[in-house]
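Residue-level structure breakdown
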Amino acid sequence: MRVLLVEDEAALAAVVRDALMGEGFAVDVAATGDDGLWAATEHPYDVIVLDIMLPGLNGYEVCRQLRGREVWTPIVMLTAKDGEYDLADALDLGADDYLTKPFSLVVLLARLRAVVRRGSPERPAVLTAGDLSVDPASRRVSRGGQEISVTSREFALLEFLMRHRGEVVSKSAIIGGVWDWTFDGDTNIVEVYVRYLRRKIDQPFGRSAIETVRGAGYRLAANGG
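Parameters at a glance
Starting from 1, residues in each chain are numbered consecutively following that chain's sequence as written. The predicted nature of this model means local features are confined to residues of pLDDT at least 70 and side-chain atom pairs, given and counted, to a pLDDT of 80 or more, with totals for whole chains, interfaces and linings taken over all residues. Water and hydrogen atoms were dropped before computing side-chain values, which therefore reflect all heavy atoms in the structure. Helix and strand definitions follow DSSP, with helices as H or I runs of at least four residues and strands as E runs of at least two, each counted in order from the N terminus. Residue contacts follow a heavy-atom distance rule, with two residues in contact if any of their heavy atoms lie within 4.5 Å. All accessible areas in this document rest on Shrake-Rupley with a 1.4 Å probe, and a residue is counted as covered only by the protein chains that are shown. At least two bridges found by DSSP between two strands are what make those strands a pair. Lines fitted to C-alpha atoms define the axes here, with helix axes fitted over just the stretch in contact, and angles between the N-to-C directions of these axes take values from 0 to 180 degrees. Angle categories are assigned with fixed cut-offs, so that under 35 degrees is roughly parallel, over 145 is roughly antiparallel, 65 to 115 is roughly perpendicular, and the rest are oblique. Crossing handedness is defined as follows: a turn of the near helix away from the far one that is anticlockwise and smaller than a right angle gives a left-handed crossing, while the clockwise case is right-handed. Think of it as three bins: nonpolar holds Ala, Val, Leu, Ile, Met, Phe, Trp, Tyr, Cys and Pro, charged holds Asp, Glu, Lys and Arg, and polar takes everything else, Gly as well. One less than the residue count of a helix, multiplied by 1.5 Å, gives the span that helix is expected to have. The cut-offs for exposure are 20% and 50% of the maximum accessible area for each residue type, with area from a 1.4 Å probe on protein chains only; residues under the lower value are buried, those over the upper are exposed, and the others partly exposed. Confidence scores here are pLDDT values: one per residue, from the predictor, ranging 0 to 100. UniProt positions are given in the numbering used here, feature names are shortened, and annotations may be inferred rather than shown by experiment.

What about the overall build of the chain?
Within the chain, the regular secondary structure consists of 8 helices and 11 strands. Seen through its principal axes, the chain has C-alpha atoms that stretch 55 × 35 × 30 Å. Counted over contacts in the chain with a minimum sequence separation of 6, partners at least 24 positions apart contribute 56%. Roughly 11,100 Å² of accessible area belongs to the chain as shown, and the carbon and sulfur atoms make up 49% of that amount.

See below:
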């Protein structure tokens, strides 16, 4: 397994590099965000370990640019910060996993193996379907460049459908992904919010992106309708 470690703390980088090499990993080290971005775009890696607080480009920006360039190598982000918003930012920008310093090398190794096993599916920073665009980081929705105002729940539903664009998703899958699996209300709430979204992203533009698949669920057209 070939790993790119982007970490500016020399002592920590050395410890992590030696631990990974001791497990049979091949490791390249970059000490700045700019060097990490260059290495990740010039060479193939199985996984990238990326610190957030870096000289030059920070880890968030490196991750954003990599996904923008369609580099889908799995990324595990490291940070001295600890908070749900930092985690959300990292994942919204396309990271695969997240560890807070100080961390266990045993846990890091396990996380690296796990993300590599999952593979590297596309995780674009901005989701698109034709001229329909959803930016999870900024929580913005637009159609043909025109910004559309949506509520938090509408955004969550649209993001879920966009991440499964072209696929049929059932009401129960939507409930689990947008509400949660413990939701015990009326599942017709999905129909209500689909209707709200259609009024905002489809009807004003003469489109029909969100399709009802009778007896199965809903599908957001991959071409944006």
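Next, the rest of the story.
Considering the sheet that holds strand E7 (residues 132-135)
Strand pairing in a sheet takes place through backbone hydrogen bonds and is either antiparallel or parallel in direction. Here we have 4 strands laid out as an open sheet, ordered E6-E7-E8-E9, and antiparallel in their pairing. A single partner strand is all that each edge strand has here, and the edge strands are strand E6 (127-129) and strand E9 (146-148). Pairs of neighbouring strands in the sheet enclose a mean axial angle of 25°, with direction left out of account. With 3 bridges joining them, strand E8 (residues 140-143) and E9 adopt antiparallel strand pairing. When the bridges of E9 are listed, arginine 143 appears paired with glutamine 146. Of the strands in this sheet, E6, E7 and E8 are in contact with helix H6 (residues 152-163), which crosses E7 at around 110°.

Let's talk about the packing of H6 against helix H7 (residues 171-178)
Interaxial distance between H6 and H7 falls to 10 Å at its minimum, and their mutual angle equals 120°. Here H7 runs oblique to H6, going by the angle between their axes. Pair H6 / H7 crosses with right-handed handedness. Facing H6, whose interface residues are Arg153, Ala156, Leu157, Phe160 and Leu161, H7 presents Ala173, Ile174, Gly177 and Val178. Within the contact of H6 with H7, the residues separate by chemical class into 7 nonpolar, 1 polar and 1 charged.

With respect to H6
Here H6 contains 12 residues, and its C-alpha end-to-end distance of 16 Å stays within 8% of the 16 Å for a straight helix at 1.5 Å per residue. Residues Glu154, Phe155, Leu157, Leu158, Glu159, Phe160, Leu161 and Met162 constitute the buried set of H6.

A closer look at the environment of cysteine 63
For cysteine 63, the location among the structural elements is in helix H3 (residues 59-68). Under the relative-accessibility criterion, cysteine 63 is labelled buried at 0%. For the pair cysteine 63 and leucine 91, spaced 28 residues apart in sequence, the C-alpha separation works out to 9.7 Å. Dropping the residues within four chain positions of it, cysteine 63 is found in contact with Leu50, Ile75, Met77, Leu93, Gly94 and Ala95.

Re the confidence of the model for the chain
Model confidence for the chain is summarised by a mean pLDDT of 87, while 92% of its residues fall at 70 or above. Ranking the elements of the chain by mean pLDDT puts helix H4 (residues 84-92) last, at 67, and E9 first, at 95.

So, the environment of valine 76
Of note, valine 76 is situated in strand E4 (residues 75-79). A relative accessible area of 0% places valine 76 in the buried class. Distance in space between the C-alpha atoms of valine 76 and valine 115 is 8.1 Å, their sequence separation being 39 residues.

With respect to the UniProt feature "modified residue: 4-aspartylphosphate" (unreviewed entry) in the chain
UniProt tags Asp51 as "modified residue: 4-aspartylphosphate" (unreviewed entry). Mapped onto the elements, aspartate 51 comes out in strand E3 (residues 47-51). For aspartate 51, a relative accessible area of 2% puts it in the buried group. Apart from residues no more than four positions distant in its own chain, aspartate 51 is found in contact with Val6, Glu7, Asp8, Gly59, Leu78, Thr79 and Lys101.

A word on the side chain of serine 133
Take serine 133: it is sitting in strand E7. Other than its neighbours up to four places away in sequence, serine 133 contacts Val126, Leu127, Thr128, Arg140, Val141 and Ser142.

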